[in-house]
Amino acid sequence: MHRKGSVAEVLFSGVIGIVVFLIVLGVLNILADAYVRIPIFLQVVEFLNANLGLLIMISVLFLVGDLFGALPFPLNLPGPIFGAFGAVFLIMFLLRLFTLVGEITGVGLFSVFERALALPIYLIVFIIALIAGYIGLFADPPPGRA
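Per chain, residues are indexed from 1 in the order of the written sequence. The predicted origin of the model limits local features to residues at a pLDDT of at least 70 and limits the giving and counting of side-chain atom pairs to 80 or more, whereas totals for whole chains, interfaces and linings rest on all residues. With hydrogens and water stripped out, all remaining heavy atoms of the structure feed into the side-chain values.

**Topic: the environment of Val 7**
Every helix listed is a DSSP run of H or I at least four residues long, and every strand listed is a run of E at least two residues long, numbered separately from the N terminus. Structurally, Val 7 can be placed in helix α1 (residues 7-34). We classify Val 7 as partly exposed; its relative accessible area is 34%. We call two residues in contact when some of their heavy atoms are within 4.5 Å. Excluding residues within four positions of it along the chain, Val 7 makes contact with Leu 67, Ala 70 and Leu 71. Buried means the residue's accessible area, taken with a 1.4 Å probe over protein chains only, is under 20% of the maximum for its type, while exposed means over 50%, and partly exposed covers the values in between.

**Concerning the UniProt feature "transmembrane region" (unreviewed entry) in the protein**
UniProt positions are given in the numbering used here, feature names are shortened, and annotations may be inferred rather than shown by experiment. According to UniProt, the feature "transmembrane region" (unreviewed entry) maps to residues 12-31, 52-75, 81-104 and 116-139 in the numbering used here. Between the end C-alpha atoms of residues 52-75 there is a gap of 30 Å, over a span that is 75% helix and 0% strand. Here residues 81-104 runs as 100% helix and 0% strand, with 35 Å between its end C-alpha atoms.

**A look at the nonpolar core**
Ranked by internal contacts, the top residues of the largest apolar core, which has 17 residues, are Leu 48, Leu 54, Phe 89, Phe 93 and Tyr 122. For this core, the secondary structure elements donating two or more residues are α2 (39-50), α3 (52-69), α4 (79-105) and α6 (118-139). The element contributing the most residues to this core is α4, with seven residues. Residues in contact with Phe 89, not counting those within four places in the same chain, are Leu 54, Met 57, Ile 58 and Leu 61. What is meant by a nonpolar core is a set of buried Ala, Val, Leu, Ile, Met, Phe, Trp, Tyr and Cys residues, joined one to another through side-chain atoms within 4.5 Å.

**Focus: α4**
Helix span, as expected, comes to 1.5 Å for every residue beyond the first. With 27 residues, α4 should reach 39 Å at 1.5 Å per residue; the first-to-last C-alpha distance of 38 Å fits that figure. Gly 106, located one to two residues past α4, shows a positive phi value of around 85 degrees.

**Considerations on the environment of Ile 81**
Summarising the element assignment, Ile 81 is placed in helix α4. The exposure class assigned to Ile 81 is partly exposed, which follows from its relative accessible area of 34%. In this structure, the C-alpha to C-alpha distance between Ile 81 and Phe 126, residues 45 residues apart in sequence, is 8.7 Å. When sequence neighbours within four positions are dropped, the list of residues in contact with Ile 81 reads Phe 126, Leu 130 and Tyr 134.

**Some remarks on the packing of aromatic side chains**
The aromatic pairing rule takes the rings of Phe, Tyr and Trp, using the six-membered ring of Trp, and pairs them if the centres are within 6.5 Å, calling planes under 30 degrees apart stacked, those over 60 edge-to-face and the rest tilted. Counted by the stated rule, this structure contains five aromatic pairs. Measuring from centroid to centroid gives 5.5 Å for Phe 47 and Phe 93, while their planes differ by 40 degrees, and the two rings are tilted. One end of the pair, Phe 47, is in helix α2; the other, Phe 93, is in helix α4, with 46 residues separating them in the sequence. Across the pair, Phe 93 and Phe 47 agree in class, each one buried. Measuring from ring centre to ring centre gives 6.3 Å for Tyr 134 and Phe 138, while their planes differ by 20 degrees; the resulting arrangement is stacked. Pair noted here: Tyr 134 and Phe 138 are both in helix α6, with a separation of four residues, about one helical turn.

Structure, rendered in structure tokens:
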């Protein structure tokens, strides 16, 4: 995690991203309730609504990781931990998305990932994201010493 700007800039951009997503989801819900009756669209909107808490948690974890990344060493050391947890929850969401795609298309292959392979995938992603985060943290020279 390298410095991406000031803490205020990171916080502002992260909060704006969450707010924009919530506005878009609100518009999708209005369209789904009043205007659009396409079953796949309704399934996708229902899926996003059902996973709203997970999506916000992913955003907050990455935001906290970026906030730590904006701090100077050694205050930035917790950043990769939050990034690794964010990566695990992102994979959790993607596996759920694959399951939705499987339901829509009728392909049952995707459900294997959510059941049998989920825990090993989560562990591998966490370890890789954590190692990559710390490599990025220590490989990035401090400002002024490039």
